[in-house]
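A look at the structure
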Amino acid sequence: MKTSKLSLLFMFLLSSYTLFSQIPAKGHYVGVSYSFSDGYLHQKELLLGTAGVSKESTQKFSLHYTYQKSKHIGIESGLSLLTHKFNVTPAPMGQPQVSRAEEIQLLSMPVYVKYTFLNYFYLNGGLSFDLDIKNTAELDNQSGIGLGAGAGAQYFFNNKIGLFVNPQLVFHSLLNFNDETHPRKLYEANVTIGLSYKL
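Since this is a predicted model, take the numbers as computed values, not measurements. (Residues numbered from 1 in each chain as written. Predicted model: local features only at pLDDT ≥ 70, side-chain atom pairs only at ≥ 80, totals over all residues. Heavy atoms only, no water.)

Digging into the overall build of the chain
Scanning the chain from terminus to terminus reveals one helix and eight strands. Secondary structure elements of the chain, listed N to C terminal, follow the sequence α-β-β-β-β-β-β-β-β. Per-residue burial over the chain gives 37% buried out of 199 residues. A separation threshold of at least 6 residues defines the contact pool for the chain, and within that pool the share at least 24 residues apart is 66%. Counting only carbon and sulfur atoms, one obtains 67% of the accessible surface of the chain, whose full area is about 11700 Å². (Helix = DSSP H or I, 4+ residues; strand = E, 2+ residues; numbered from the N terminus. Buried < 20%, exposed > 50% of the residue type's maximum accessible area, 1.4 Å probe, protein only. Contact = heavy atoms within 4.5 Å. Areas by Shrake-Rupley, 256 points an atom, 1.4 Å probe, with all protein chains shown as cover.)

Laid out in structure tokens, this is it:
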């Protein structure tokens, strides 16, 4: 009797695992997400007589597309709108200076490889193609090519609707399209939370 109960329990767990499998099926997925982000304008060499920059807030909204090629390998892309707000303090001129609020908006298209493992988890990373669409401070155009990498967790309901969390580091504009000698480049750390849907 005990053996029979254990067998029934094993069959129940196996069927539950099959029904609620976390492995994303092969195919095409679309999704939306919001990122809780922290941005930093990094300058390789600090120059005397330049304006000071302090971060205020960063946020990002994204549309996602994923082609799941196999059980483990997928290709990710999409579009993200990132808004980075900050304060600029003019260079010291012998008198008190007043800070002003400014912002940068980037339209980014990532092209990432995604590796899924242990059903729930994945690593992703690749290139980020960035277009500076708003820069009120006229401060170092951020258009260029960057790099991003992250590690995430995902849960799929019947291989159709998915919930994911994906902390990432993104280094924007590592290959910059402007002619600045010492440009400030936007570095971003975020936690992305989103939903995906299998087409």
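Points about the nonpolar core
With seven residues, the main nonpolar core is built from L41, L82, F86, V88, I104, L106 and L186. For this core, the secondary structure elements donating two or more residues are β3 (73-89) and β4 (100-117). (Core = buried A, V, L, I, M, F, W, Y, C linked by side-chain atoms within 4.5 Å.)

Section: the pairing of strand β5 (residues 121-135)
Direction of pairing for β4 relative to β5: antiparallel, over a ladder of 14 bridges. Opposite V111, over in β5, you have L127 as the bridge partner. In textbook terms, the turn of a hairpin is the stretch between consecutive antiparallel strands, and for β4 and β5 this stretch comprises three residues, one of which, L118, has a positive phi near 55°. Sheet topology note: the β5/strand β6 (residues 144-157) ladder contains ten bridges and is antiparallel. Each bridged residue has a counterpart across the sheet, and for Y122 the counterpart in β6 is G152. (Pairing = 2+ DSSP bridges.)

Regarding the environment of A189
Mapping A189 onto the fold places it in strand β8 (residues 184-198). Sequence separation between A189 and G39 is 150 residues, and the spatial gap between their C-alpha atoms is 6.4 Å. Residues within four places of A189 in sequence aside, it is in contact with F36, S37, D38, Q168 and L169.

Examining the environment of K114
Along the chain, K114 turns up in strand β4. Taking the C-alpha atoms as reference points, K114 and I73, separated by 41 residues in sequence, lie 5.8 Å from one another. Among residues more than four places away in sequence, those in contact with K114 are H72, I73, G74, E76, Y122, L123, N124 and Q154. Among the polar contacts made by the side chain of K114, one reaches the side chain of Q154 at a distance of 2.9 Å. (Polar contact = N/O pair within 3.5 Å; in protein donor to acceptor, adjacent residues only side chain to side chain.)

A short note on unusual backbone geometry
Although it is not a glycine, L118 adopts a positive phi angle of roughly 55°. Although it is not a glycine, N119 sits at a positive phi angle of roughly 65°. Mapped onto the fold, N119 is located in the loop between β4 and β5.

Considerations on the pattern of salt bridges
Under the counting rule described, the total for this entry stands at two salt bridges. Between E103 and K134 there is a salt bridge, with the nearest N and O atoms lying 3.1 Å from each other. Placement of E103 in strand β4 and of K134 in strand β5 is noted, with a sequence separation of 31 residues between them. (Salt bridge = Lys/Arg side-chain N within 4 Å of Asp/Glu carboxyl O.)

A short note on the side chain of K60
Within the secondary structure layout, K60 lies in strand β2 (residues 52-68). A polar side-chain atom of K60 sits 3.0 Å from a polar atom in the side chain of E188. Contacts of K60, omitting those with residues within four sequence positions, involve S33, Y34, S35, S37, S80, L81, L82, E188 and N190.

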